[in-house]
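# A look at the structure
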Amino acid sequence: MTDIQSVIDAERQAVTSLPTRRPDGRIETGTYHQWKDIEDYLQELLVVYPWLSITSIGQTARGRQLWVAKIEINSYCSKPTVWIDCGIHAREWIGPATCIYGLDYLTNGYGCDPYVTNFLNKYNVHIMPVHNPDGYCYSWRYDRLWRKNRNRNPNDTCYGVDLNRNYDDGHWGGGRGAGDPCSNNYPGPTGFSEVETQAVRDYTNELQSTRNLAAFFTIHSYAQQWLYAYGWSGESVPEEPEVSRVAQIGVNAIESVYNTRYRYGSFYNVAYPGFGLSIDWSYSRGVIYSYLLELRDKGEYGFLFPLTQIVPTGEETWAGLMAAVMAI
Ligand SMILES: [Zn+2]
């Protein structure tokens, strides 16, 4: 891109000219939604679907609620639970859009679409559409390419911690950005220093002990990669054959929809060394099916991902997520 600001301006123009709801009242999945709009949407779902509930698992550094939508059909039946979070990195707008696509797809499909119905009869699904609402709002208002949260770093003029470097699996704090609050990869002053990562840690730990947490997914963009532990080491996890089997099924399901090709493997080997990742932490607490997805695009559009591709991305991503979960 020779003029990124013009692309940002065009995106803003497109987003503000589109309605946020369809004529039937459902959310418009083919656009990006502001934080307030996402909060409204969750409340709308709550009114329509008795088996869906909304809970705040904590507050951000700036006082926003950390919302999680829980889809639990016949919640008195004990069944495995799947966790999916989007938007841990603020500028990756296709993440929250893909979580919203999934909420719309699952809620509308239950009782109508046999595949969705079967899936939700077997699994509880807990979706956090925006892990980092402070950063997300900042990316809408001030800096479209902001990545971190918006916590104030004491004794420094630079703001924010990279929340996906803040999870502490025993290898927190390595790599680039450590000790530099101005870095995009600043992991924070300590592991789990941030309220946003503390909230997801505590909530999913609770799920693990009470609700059989079968899988943990965290959605990013962009690179077309399906990644698992480790990020901190090039060694394979002991369960690598099984973890990669499920990843391959997910990747194949994605490809079957629109021919989008993903690579899969460990974060370290397929992407680059990364410390303090949520998948490494989640793996280390015993959830072997902990996956990080880097969605569509390999740099043609980057974070300024066109609206016309939001729905196709949602379709293929949820095909992959559900196929993988069903293979566990
Ligand atoms: Zn990311």
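Source: prediction; values computed, not measured. (Residues numbered from 1 in each chain as written. Predicted model: local features only at pLDDT ≥ 70, side-chain atom pairs only at ≥ 80, totals over all residues. Heavy atoms only, no water.)

To continue, consider unusual backbone geometry. Each neighbour pair has its own omega, and for Ser 221 with Tyr 222 the value is 5°, a cis peptide bond. With respect to the secondary-structure elements, Tyr 222 resides in the loop between strand E5 (213–220) and strand E6 (225–228). Here Ala 229 and Tyr 230 are connected by a cis peptide whose omega angle stands at 5°. Within the secondary structure, Tyr 230 is located in the loop between E6 and helix H7 (240–258). We note that Asn 212 has phi near 55°; this positive angle belongs to a residue other than glycine. One can find Asn 212 in the loop between helix H6 (195–210) and E5. Under the relative-accessibility criterion, Asn 212 is labelled partly exposed at 46%. For Asn 259, which is not a glycine, the phi torsion comes out positive at approximately 70°. (Helix = DSSP H or I, 4+ residues; strand = E, 2+ residues; numbered from the N terminus. Buried < 20%, exposed > 50% of the residue type's maximum accessible area, 1.4 Å probe, protein only.)

Roughly 260 Å³ of internal volume is contained in the largest pocket. Together, 20 residues line the largest pocket, and Glu 92, Arg 147, Ser 221, Tyr 272 and Glu 294 are the ones closest to its centre. For the lining of the largest pocket, the secondary-structure elements that each account for two or more residues are helix H8 (267–271) and strand E8 (290–294). Per-class residue counts for the lining of the largest pocket are seven nonpolar, seven polar and six charged. (1 Å grid on protein atoms, 1.4 Å probe; cavity = no way out; pocket = protein on both sides within 12 Å on 5 of 7 lines; lining within 4 Å. Points joined across faces, edges and corners; volume = space filled by probe spheres on them. Nonpolar A, V, L, I, M, F, W, Y, C, P; charged D, E, K, R; others polar.)

A few words on the environment of Arg 152. Along the chain, the position of Arg 152 falls in the loop between helix H5 (133–141) and H6. Assessed through its relative accessible area of 54%, Arg 152 is described here as exposed. Linking Arg 152 and Gly 231, residues 79 residues apart in sequence, is a C-alpha distance of 27 Å.

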